[in-house]
Amino acid sequence: MTTGPQWINDLMDALGAPGAGIAIALENLFPPLPSEVILPFAGFAAASGRMGLVAVLLWTTAGSVVGALALYGVGALLGRDRTVALAARLPLLKVSDIEKTEAWFERHGTKAVFFGRMIPVFRSLISVPAGVERMRLPVFLLLTTLGSALWNTLFVLAGYALGDNWSRVTDIVSAYSKVVLAAAALAVLCFVAVRLLRPGGGRRRRDGEEREPVS
């Protein structure tokens, strides 16, 4: 029988569907952990009778929400002032960049949280700015639950349908992840290039200068 990584296998053997939920919660907190392995493997485990399919769907979605909520809390504790202070110490990053990000999040935050659940790495990180901006918690939880449920269901059902061939899902998602990460890396390089070519643009605000109220 085809098996997944040993720690995931052991967790599901010991706890069943809740083990799959714990694995997904950890994946949200530590993005390098492989959700593209955990979800289809959990679907395969359900197909082989090791746990119920509905239970897997419910627990993996709950795990996604718990992990996202933890990162939301990190963003809320960090807050805007600490974020701005951190930005002021980082090379190439300016307070004006933070303000533009805030304005963008105010306009598109709900869409970012929902659709972000379907983008590797970003799926976890989007919770932090949501916490920094103090997105209303019921809205954050609703969008996170819906987006995570769609993503998780797609891959759990794929693993359930493929059975012993569940690992084929990981090959597809791996290629998708590489494209997304390559695009993100290119965006970072473009950002750095613009900053280096225009060193005087968007000077940081002077210490003590008050931020104008948002109308």
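Just so it is clear, the model here is predicted, and its values are computed rather than measured.

Student: How would you explain the overall build of the chain if you had to name every residue and give the values?
Tutor: Of the regular secondary structure elements, the chain holds nine helices and zero strands. Going from the N terminus to the C terminus, the chain shows its helices and strands as α-α-α-α-α-α-α-α-α. Of all 215 residues assigned to the chain, the portion counted as buried reaches 40%. Sequence-distant contacts in the chain: of pairs separated by 6 or more residues, those separated by 24 or more amount to 76%. Accessible surface, the chain: about 12,000 Å² in total, of which carbon and sulfur atoms supply 67%.

Student: Now, about the nonpolar core: what can you tell me, with residues and values included?
Tutor: When a protein is soluble and globular, its nonpolar side chains tend to lie buried together. Counting 21 residues, the largest nonpolar core has Ile8, Met12, Ile38, Leu39, Met51 and Val56 as its most contacted members. The set of elements that each furnish at least two residues to this core consists of α1 (6-15), α2 (17-29), α3 (35-47), α4 (53-89) and α8 (137-162). The biggest single contributor to this core is α3, with eight residues. Beyond its immediate stretch of four places on either side in the chain, methionine 12 contacts Ala20, Ile38, Phe41, Ala42, Arg50 and Met51. Counting 11 residues, the second largest nonpolar core, distinct from the first, contains Ala68, Phe114, Ala130 and Leu143.

Student: Give a description of the side chain of threonine 61 that names residues and reports values.
Tutor: Within the fold, threonine 61 resides in helix α4. Once residues within four sequence positions are removed from consideration, threonine 61 is found in contact with Thr145, Ala149 and Asn152.

Student: Requested: an account of the environment of glycine 79, with residues and values cited.
Tutor: If you trace the backbone, glycine 79 turns up in helix α4. Here the alpha-carbon distance between glycine 79 and glycine 131, two residues 52 residues apart in the chain, equals 7.7 Å.

Student: Please provide a residue-by-residue account of the packing of aromatic side chains, values included.
Tutor: Scanning the model with the defined rule gives four aromatic pairs in all. Where phenylalanine 114 meets phenylalanine 115, the ring centres are 4.9 Å apart and the plane angle is 80°; that geometry is what we call edge-to-face. For the pair tryptophan 151 and phenylalanine 155, a centre-to-centre distance of 4.6 Å together with 55° between the ring planes defines the contact as tilted. Taken as a pair, tryptophan 151 and phenylalanine 155 lie in helix α8 at a separation of four residues, close to a single helical turn. The same class applies to tryptophan 151 as to phenylalanine 155, namely buried.

Student: Got a sec to walk through unusual backbone geometry? Specific residues and values, please.
Tutor: Positive phi values are uncommon outside glycine, yet arginine 134 reaches one of about 50°. Looking at where arginine 134 falls in the secondary structure, it is placed in the loop between α7 (127-132) and α8. The class for arginine 134 is exposed, based on a relative accessible area of 55%.

Student: Give a detailed account of α1, specifying residues and quantitative values.
Tutor: By the burial criterion, the buried members of α1 are Ile8, Asn9, Leu11 and Met12. With its buried residues spanning 165° around the axis, α1 presents them on a single face. Seen from the buried face of α1, the exposed residues on the opposite side, beyond 90 degrees, are Gln6, Asp13 and Ala14. For α1, the secondary structure elements touched by its buried residues are α2 and α3. One or two steps after α1, the chain reaches glycine 16, where phi turns positive at roughly 75°.

Here is what the cut-offs are and how they apply
In this numbering scheme, every chain counts its residues from 1 along its sequence in written order. At least 70 in pLDDT is required for a residue's local features to be given in this predicted model, at least 80 for side-chain atom pairs to be given and counted, and no such filter applies to totals for whole chains, interfaces and linings, which use all residues. Note that the side-chain values use all heavy atoms of the structure and ignore hydrogens as well as water. In DSSP terms, a helix is any run of H or I states spanning at least four residues, a strand is any run of E spanning at least two, and both are numbered starting from the N terminus. Buried, partly exposed and exposed residues are distinguished by accessible area as a fraction of the type maximum, computed with a 1.4 Å probe on protein chains only: under 20%, between the cut-offs, and over 50%, respectively. A contact between two residues is defined here by any heavy atoms of the two lying within 4.5 Å. For every accessible area listed, the method is Shrake-Rupley and the probe measures 1.4 Å; residues are considered covered only by the protein chains on display. Take the buried residues of types Ala, Val, Leu, Ile, Met, Phe, Trp, Tyr and Cys, join any two whose side-chain atoms come within 4.5 Å, and each joined set is a nonpolar core. Only rings of Phe, Tyr and Trp enter the pairing, Trp through its six-membered ring, and a pair is recorded when the two centres are within 6.5 Å. The plane angle decides the type: under 30 degrees is stacked, over 60 is edge-to-face, the rest tilted. Arc definition: directions from the helix axis to the C-beta atoms.

On their own, these measurements won't tell you what the molecule is for.
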